[in-house]
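Observations on the model geometry
Chain residues, written in single-letter form:
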Amino acid sequence: MTRHRQDPDATAPYAEALAAFGERVRLVTPEQWDSPTPCADWSVRDLVNHLTGEQLWVPELLMGSTIAEVGGRFDGDVLGEDPVAAWTDAATAAERAFAVPGATDLTVHLSFGDVSGRYYLDQLTTDLVIHSWDLAEGIGHLTRLPARLVDFALEQMGGYGDLSGSGLFDPPVPVPADAPAQTRLLAVAGRRDRG
């Protein structure tokens, strides 16, 4: 059982995480969409598609929809002919949905059970931070992440334990306890910081 680390006075830097990922999306050149990323079997396009799809779910889930009710609407390619516009539209709608007063107090029906909107927000933010680095590695730009995002995600990941059994992460990478925060964050997520 994972533990959600939640400071009642802290706010997830979701908007900043969306902006960081979006900044990297806008740097993708036409020839880089098929480039590999640190995510096994995911190209740059696959990675951006995954994160865009995640944001498309946000308004639906915050309105109380279940996974079954949404169904396969966001399966497959959600980027179309203009991946940057698709990402931007999805991120804008998701950010607006979380900006509605009381959104973090709502019950969200995820695949593994019901959680608070706050838990969902924190999870999405952490995912954006990790994948911002993955995208940066894939395109060779902006691999240093903002310190506030790294600190937030590191605090969150510390409560999840070893995630390699989920199939979504490689086993944690051993690093010194005094390694920089970004190196430690990536290590927990099974990634090796090369910066």
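Residues numbered from 1 in each chain as written. Predicted model: local features only at pLDDT ≥ 70, side-chain atom pairs only at ≥ 80, totals over all residues. Heavy atoms only, no water.

Focus: the overall build of the protein chain
Counting its secondary structure elements, the protein chain contains seven helices and two strands. Put simply, the protein chain runs from its N terminus to its C terminus through helices and strands in the order α-α-α-α-β-β-α-α-α. The buried share among the 195 residues of the protein chain stands at 47%. By sequence separation, contacts in the protein chain at least 24 residues apart represent 68% of the contacts at least 6 residues apart. As presented, the protein chain carries roughly 9,700 Å² of accessible surface, and 53% of it is formed by carbon and sulfur atoms. (Helix = DSSP H or I, 4+ residues; strand = E, 2+ residues; numbered from the N terminus. Buried < 20%, exposed > 50% of the residue type's maximum accessible area, 1.4 Å probe, protein only. Contact = heavy atoms within 4.5 Å. Areas by Shrake-Rupley, 256 points an atom, 1.4 Å probe, with all protein chains shown as cover.)

Comments concerning the pairing of strand 2 (residues 113-116)
Judged from the four bridges that link them, strand 1 (residues 107-110) and strand 2 form a sheet pairing that is antiparallel. Note that in strand 2 the partner of V108 across the bridge is V115. Remark: two residues form the turn of the hairpin made by strand 1 and strand 2, two consecutive strands paired antiparallel. (Pairing = 2+ DSSP bridges.)

Let's talk about the environment of A187
For A187, the location among the structural elements is in helix 7 (residues 181-188). In sequence terms A187 and V175 are twelve residues apart; their C-alpha atoms lie 6.9 Å from each other. For A187, the residues in contact, after removing those within four places along its chain, are P172, V173 and V175.

Concerning helix 4 (residues 83-99)
A rise of 1.5 Å per residue sets the reference length of helix 4, with its 17 residues, at 24 Å; its end C-alpha atoms lie 24 Å apart and thus fit the reference within 8%. Of the positions making up helix 4, those classed as buried are P83, A86, W87, A90, A91, A94, A97 and F98. Considered in projection along helix 4, the buried side chains sweep an arc of 125 degrees and stay on one side of the axis. Along helix 4, the residues that are exposed and aim more than 90 degrees away from the buried face are D89, R96 and A99. (Expected span 1.5 Å × (residues − 1). Arc of directions from axis to C-beta.)

Quick look at helix 1 (residues 14-25)
Along its twelve residues, helix 1 runs 16 Å from first to last C-alpha, staying within 8% of the 16 Å computed at 1.5 Å per residue. Buried within helix 1 we find Y14, A17, L18, A20, F21, G22, R24 and V25. Of the surrounding secondary structure, the elements contacted by the buried residues of helix 1 are helix 2 (44-62), helix 4, helix 5 (117-139) and helix 6 (147-157).

With respect to the side chain of N49
Of note, N49 is situated in helix 2. A relative accessible area of 15% places N49 in the buried class. Among the polar contacts made by the side chain of N49, one reaches the main-chain carbonyl oxygen of G76 at a distance of 3.0 Å. The contact partners of N49, leaving out residues within four places of it in the chain, are G76, D77, V78 and L79. (Polar contact = N/O pair within 3.5 Å; in protein donor to acceptor, adjacent residues only side chain to side chain.)

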